[in-house]
Each structure stands twice: as structure tokens, then as C-alpha cells.
Amino acid sequence: MSKPTYYITTPIYYSSGKLHIGHCYTTVICDAIARFKRMDGYDVFYLTGTDEHGQKVQQKAETAGVTPKQYVDDLHQQITKLWKALNISYDKFIRTTDDYHEKTVQKVYEKLLASGDLYKSTYEGWYCTPCESFWTESQLADGKCPDCGREVKLQKEESYFFRLSKYQDRLIEFYKENPDFISPRSRMNEMINNFIKPGLKDLCVSRTTFDWGVKLPFDPKHVAYVWIDALTNYITALGYLQEDHALFDKFWPADLHMVGKEIVRFHTIIWPALLMALDLPLPKKVYGHGWVLFGNDKMSKSKGNVVDPLVLADRYGADAIRYYLLREIPFGSDGTYTDESLLLRTNADLVNDLGNLVSRTTAMITQYFGGTVPQPNEYTDLDRELIAICEGALPQVRKDMDALSAPDALCDVFRIIQRANKYIDETMPWALNKNGDKQRLATVMYVLTECIRFAATLLLPFIPATAARIFDKIGMPQPTDFGALDRFGATGEGVTVHKGDNLFDRIDVEKELKELNKLAAAQQAEKAEPETPQISIEDFAKVKLATAKVLSCEKVAKSDKLLVMKLQVGDEVRQVVSGIAQYYSPEYMIGKTVVIVSNLKPAKIRGVDSNGMILCAADGKNVVFVTPEKETDSGKEVR
Ligand code: ME8
């Protein structure tokens, strides 16, 4: 008989910056669920990936002096390295720049155009020129750009629109028929009251102001804008509208889209409407998890004052990070990350409870029975209490995982561990040994080994590397399913334990906190502007500065920041691109005398050749170009 399928996804991660520990939350939760389902008999497909198009990427690449593709390639590498370090067992990693994805997005737009769900119109919005971003009235902060606080102007742009409004009633109907579609429930009310009831507006789904995106095949000056490109990843990854669509046939509709609460709206309104428009079945559930907050900061998705998760994983092990995120952050609501809570949680649960149980038990079996797990004799009521906890654990953990609550599931597993530690204190094996009661001692060692086997099996989805090490220590093969959890007493004769190293070393919290502070400070300093070094007169002599007269000037196409000028520099005429369009109009520049760096290596900026750089005085808000105090010829050396 074929296994039931389970398709689980994370959002695709923006490729415009480094990921922090908050980002790891979605991926780690999904990983635990995927691993649990695999062991519980499902044929699982776990998808994650990167969201690589858009204006932000284009701008960041420009600032970094690389192409957008080089920029996203580098981030993609960093992100996959992080997932590897955290032991994320995804089945596929999709990049929105993957050829198959781009081609399918184009087909989706064509399909929507053909069915009448896509139409061309004009988008009117508040535009922030420095940020090159459109905002709706309600997104503005005191009438200004919510990102940079500067003035915005009302601007019109030709755009394609998705007929979202048409699906309003069908969406409400769908929610009614599927009350568990949006979880937790509170988020469902939020969606209906805040977004659907006030009325859905058609959605602008193309842009002409930048070009780092999927070009619309029927109108290539437009690129796909954000949500259709991003959301369709969940089906393009499976082969939707492609030659090989076996995975799509097998796994769609998704069982679970796990997303952070800020993007529930897109996944529960736009995504189902789009699927309705494409005549596809809808996903079974969208879960909006809470945020990992940092210190007292409300929501700092981009906070930099926390140590890089790669460094944390390297220092404390992937499982300490995984365990912390799964256990400490209450599922469905926000939780606060602090270095201290990470270290304390690791010491309390992983070092004390789990580590001690395994090391004490393996040490005692080694000392009292030469390392071979003895067979049990008659069970007492005390033993039976532990047996009942073990045998009840899988159904309980399964129930927790059905509710997607990893913290509860881990609490239930740790109940076995904590009870077993107490059992050691209660049975006092050292006294049994001293009194020569080998029979009872054998039963106690056997019960403890079985408790460890149950706990380690159930821990495999959550802290897989540690659980695997436990199986090594207790001399058993690592199970691939929960089959052997139906019966206490499955451990047969002749099993040999190996105590080996500690599972986790105790962390000196005070000392580590100081180290982490230092690391975070170093990280911040790395990001900050490097201190300007002093240079010698010889170094300065290498820079050739000259006066130049602006002969002509115009805007660079598709850029609000750049002007391209022809400059007279002595006998020579050269072209220079300068990022001063927000501060000077082309007309104003014509006839002005400027100062340029004349021996700068030529470069292409937005595809336009630039041979030199115009000197400006800038303070981050205002920019003025430098000009000689008196009229002077062009081409004069400036020293
Ligand atoms: O939203 N705490 O990508 P993203 C918890 N590309 N989760 C957090 C978090 C925090 N502090 N910060 C981020 C996007 N996340 C889009 C999605 S899907 C079609 C397109 C989570 O890189 C966030 O909630 O901003 C989301 O689930 C994931 O990281 C990716 O966020």
C-alpha cells in the first residue's frame, strides 16, 4: 500500500540580506514536522527556497557593485550553508531565478490574461523617489515614506492587475467550509475583519520601474511584481505546467504552508484567490507562527545585534539552537530571544536532563554489567509507571504534532527523561549493587535503557544529530520510523552500550555571555563603515582630479537616481553617470562646472558607460556637487 503524502513548505526567503535566528524559526519548525511525519509513515515533500527578484535586490546589488545574479548567488550560498549547519532536511530548494520557475510564472500570467483575470490599467500610489517604492495611502507614516521618512509624491504607472476583488465571496465561503484553513483561529478573524470585509481591491502585479524580475511575455517592459512570482513557487517546484508534473500530481494541494504572521494575509487571501483563478485545489492549511523578538525590541526582523546563527550553531551545536527554538518560543505567539535564555535552556534540558540520563545509565551498565544491557526480571509498580509513560508517549506526541505544537511535543518527551532521572534517584542502583541485588539492578538498567530508547526515537525529528548519537551510545541502530515504540521491552539480548563523550558540555553561562557580546560587537563593527585609514601624499597623488564643464545631461532610463552627462574635460569629451538625480534636474546641470576624479577606472552603471566620477558633498540626506569658487577652464588639475 502506498504511504499517505504530506507536502509542507516554508516561505521562500528574501535574498536581500543575511538571515538571523528569527528566520531559522520557520525552517526549523517545518523540519521537525517533516521529520516527524516521515517517521510516522508519510511520504513527505518538504520545500524551501529563496525569493530572488525585485527592486531591493537590484538596489543592493548596485550598491555592492555586482550584478543582481551575482548578488543572489552569493546569498543563496550563505542560506543553504545555514540550513546545512542546522540539519534542515528539505527535499527541494527552489530559487525564483531558476529557469523552470521563471518560465512557469510567465505561463501563469498568460493563463490569467487569457481567462480575463489579468488586465492592464494604471496604478496610482505614493512614490518615494529615494527608495524607489510605491506605497498605499494607509502604508504611509504621517504622510511620509514609512521606510525613510521622506516626502512622497502621488504618481501613476502603467501596471497589470489581478482581479482579486472577484474572489471575495468565494474566499469567505471557503473559510466557512474550512474553518481550520487559517491557523491559529485568531488569525482567521483578523483576515476576515481587517481585509476581506472592508473589500478586496484588485492587485497590482507588474512593474515597469525596475527590471530584475520575470518579464511578462506579452509585454516585456513589465516584470512580475512580488506575489505572483513568489507564491507560485509552491507549485512550480512540483512541476506545475511543466513536462514532468509527477510531483505536482502526487503532492498538490499542500498540507501545510508554514509562514510568519506578517505574511498570513498573502497566503490566505491572494494565494487561494490565485489558485481559484488557475482552477487548482487549495492548500489544506496555512499556519501563521509568531515572531522571535530580540530583547525589548518589538519586531526587528533585521536586527543585527544578535550573533549570527551560523556562529551559534558552530559554538553550541545545531541541536542546541533547534531545541531552543522549538521548545522556548510558544507556538503561535511571539517569544523573546536572548543569549542567556538559549544558554540556560541548553544547560537545563540538554546537559542536565538528557545528557545526565544517558551518561549515568551508560556508565552504570558499563560498571555493573560490563557494558551489556541486562534482560529484566519482574517489573514492580514503579517500573510500570515508567512503562506507561513510555507507551503513552507516541500517541501524545502525535497529538501535539497534529496541533503543530513542538513545545508540547518536547515537553512530553522530556517527561520520560525527567521521570527516568528521578527513577535513578528512587531505585539507587549503586545501593542495589552494593547489596548484591543483581536481579533488581538488571531490571532497573533495562527500564532505563528502554526509557532512553523511547525518548531518543521521539527526539529524532527535533534534535536529529543528538538522537543519533544516543543510539550509538546505547548500541542500537537508529530507527527510521516509530514502529518499535508500540512495545516497551523491544530491546533484545546482547546490546552493548558505549559511554563515550558527553552529549553536551555544560556551558559557563557568564563566560559565554561575555563572549557572545564580544562577537556581536565585532559583527556590528564589521557592518559599520570601516575607519578611514590615513594615506600618504604619494597615495593622494595617484588620484587625478580635474575641472569639467557639463555639456549635456539627461536621466538614465528606469532609474530615479541616476543622471548621465557629457563633460568637457580640456580637449576631451567624456560620459559620466552620477547618482544625483534626486537633487538636481538635468536642465540645472547643463553649463555647470564640476570637479571629477578623472583617472577612475571606467564602469558600466545600469548598462550605461561611465568614465569618471563627479565630486559631491553629502551628508546622507542632502547632496551638493563641488564647483570652483571662480569660473575656470575645464580640464584644469585640482590639487
Ligand atoms: O517574507 N521571527 O521572506 P522573509 C520569526 N519572501 N520568524 C521570522 C522572523 C522573526 N524575527 N523574521 C523573519 C518573506 N521570519 C517572503 C515570503 S513566500 C511566497 C514569500 C520568518 O525572508 C518570516 O515570518 O522576510 C517568514 O516566515 C520567513 O522568515 C521568511 O521571511
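Everything discussed here concerns the structure shown above.
Residues numbered from 1 in each chain as written. Predicted model: local features only at pLDDT ≥ 70, side-chain atom pairs only at ≥ 80, totals over all residues. Heavy atoms only, no water.

Colleague: Quick rundown of the overall build of the protein? Include the residues and the values.
Modeller: Along the protein, the regular secondary structure elements total 21 helices and 24 strands. Each of the 639 residues in the protein was classed as buried or not, and the buried ones make up 52%. Long-range pairs, those at least 24 residues apart, make up 74% of the contacts in the protein between residues at least 6 apart in sequence. Accessible surface for the protein amounts to roughly 29,500 Å². Of this, 50% is attributable to carbon and sulfur atoms. (Helix = DSSP H or I, 4+ residues; strand = E, 2+ residues; numbered from the N terminus. Buried < 20%, exposed > 50% of the residue type's maximum accessible area, 1.4 Å probe, protein only. Contact = heavy atoms within 4.5 Å. Areas by Shrake-Rupley, 256 points an atom, 1.4 Å probe, with all protein chains shown as cover.)

Colleague: Account for the pattern of salt bridges, naming residues and giving values.
Modeller: Tallied over the full model, the rule gives 38 salt bridges. The residue Arg 345 makes a salt bridge to Asp 349 at a minimum N-O spacing of 2.9 Å. Of the two residues, Arg 345 and Asp 349 both sit in helix α13 (residues 339-369), four residues apart, roughly one turn of that helix. Taken as a pair, Arg 345 and Asp 349 share a single burial class, namely buried. (Salt bridge = Lys/Arg side-chain N within 4 Å of Asp/Glu carboxyl O.)

Colleague: Help me get a handle on the pairing of strand β15 (residues 545-555), residues and values and all.
Modeller: Note: β15 against strand β18 (residues 593-597), five bridges, orientation antiparallel. Residue pairing across strands places Leu 545 opposite Val 597, the latter belonging to β18. As paired strands, β15 and strand β24 (residues 637-638) are joined by two bridges and run antiparallel to one another. Note on β24: the bridge partner recorded for Ala 546 is Glu 637. Bridge count between β15 and strand β16 (residues 563-569): six bridges; the pairing is antiparallel. Directly across from Lys 555, in β16, lies its bridge partner Leu 563. (Pairing = 2+ DSSP bridges.)

Colleague: Lay out the sheet that holds strand β4 (residues 118-128) with the relevant residues and their values.
Modeller: Overall, antiparallel pairing links the four strands, which are arranged β5-β4-β6-β8 in an open sheet. What marks the edges here is a single partner per strand, and that holds for β5 (133-135) and β8 (203-204). Two elements, strand β6 (residues 153-162) and β8, share two bridges in a ladder whose sense is antiparallel. Bridge pairing links Phe 162 to Leu 203 in β8.

Colleague: Which residues make up the environment of Tyr 100, and what are the values?
Modeller: You can see Tyr 100 is positioned in helix α4 (residues 99-115). On a C-alpha basis, the gap between Tyr 100 and Tyr 160 in space is 22 Å, while along the polypeptide they are 60 residues apart. If sequence neighbours within four positions are ignored, Tyr 100 has contacts with Lys 92, Ile 94, Thr 236, Ala 237 and Gln 242.

Colleague: Run through the sheet that holds strand β7 (residues 182-183), naming residues and quoting values.
Modeller: Strands sit in the order β3-β2-β1-β11-β12-β7 across an open sheet of six strands; the sheet is parallel. The open sheet has two edge strands, β3 (92-95) and β7, and neither has a second partner. Of the pairings in the sheet, the one linking strand β2 (residues 43-51) to β3 comprises four bridges and is parallel in character. Bridging across to β3, Gly 49 finds its partner in Ile 94. Against the sheet, helix α3 (residues 68-85) touches β1 (5-14), β2 and β3, its axis set at about 160° to β3. (Axes fitted to C-alpha atoms, helices over the stretch in contact; angles between N-to-C directions.)

Colleague: Please give an account of the side chain of Ser 89 that cites residues and values.
Modeller: Along the chain, the position of Ser 89 falls in the loop between α3 and β3. According to the relative accessible area criterion, Ser 89 is buried, its value standing at 16%. Among residues more than four places away in sequence, those in contact with Ser 89 are Asp 31, Arg 35, Arg 38 and Tyr 46.

Colleague: Before we move on, could you go through the packing of helix α17 (residues 438-459) against helix α18 (residues 464-473) and cite the residues and values that matter?
Modeller: Remark: α17 packs on α18, axes separated minimally by 8 Å, with the N-to-C direction vectors making an angle of 150°. Between α17 and α18, the angle is such that the two are roughly antiparallel. At the point where α17 passes α18, the crossing takes the left-handed sense. Across the interface between the two elements, Ile 452, Arg 453, Ala 456, Thr 457 and Leu 459 of α17 pack against Pro 464, Ala 467, Ile 470 and Phe 471 of α18. Across the contact of α17 with α18, the residue classes break down as seven nonpolar, one polar and one charged. (Parallel < 35°, antiparallel > 145°, perpendicular 65-115°, else oblique. Left-handed = near helix turned anticlockwise from the far one by under 90°. Nonpolar A, V, L, I, M, F, W, Y, C, P; charged D, E, K, R; others polar.)

Colleague: Can you lay out the site of the ligand for me, pointing to particular residues and giving the numbers?
Modeller: Around the ligand, a shell composed of 23 residues is seen, among which Ile 12, Tyr 14, Asp 51, Glu 262 and Val 292 lie nearest. Between Asp 51 and the ligand, the recorded distance is 2.7 Å, taken from a side-chain N or O atom to a nitrogen atom. In this structure, an oxygen atom belonging to the ligand sits 2.9 Å away from a side-chain N or O atom of Glu 262. With the chains in place, 98% of the 660 Å² that the ligand exposes on its own is no longer accessible. For the shell around the ligand, the secondary structure elements donating two or more residues are β1, α1 (21-39), α7 (227-231) and β11 (256-260). Here the element with the most residues in the shell around the ligand is β1; it accounts for four residues. Per-class residue counts for the shell around the ligand are twelve nonpolar, eight polar and three charged. (Near = heavy atom within 4 Å. Polar contact = N/O pair within 3.5 Å; in protein donor to acceptor, adjacent residues only side chain to side chain.)

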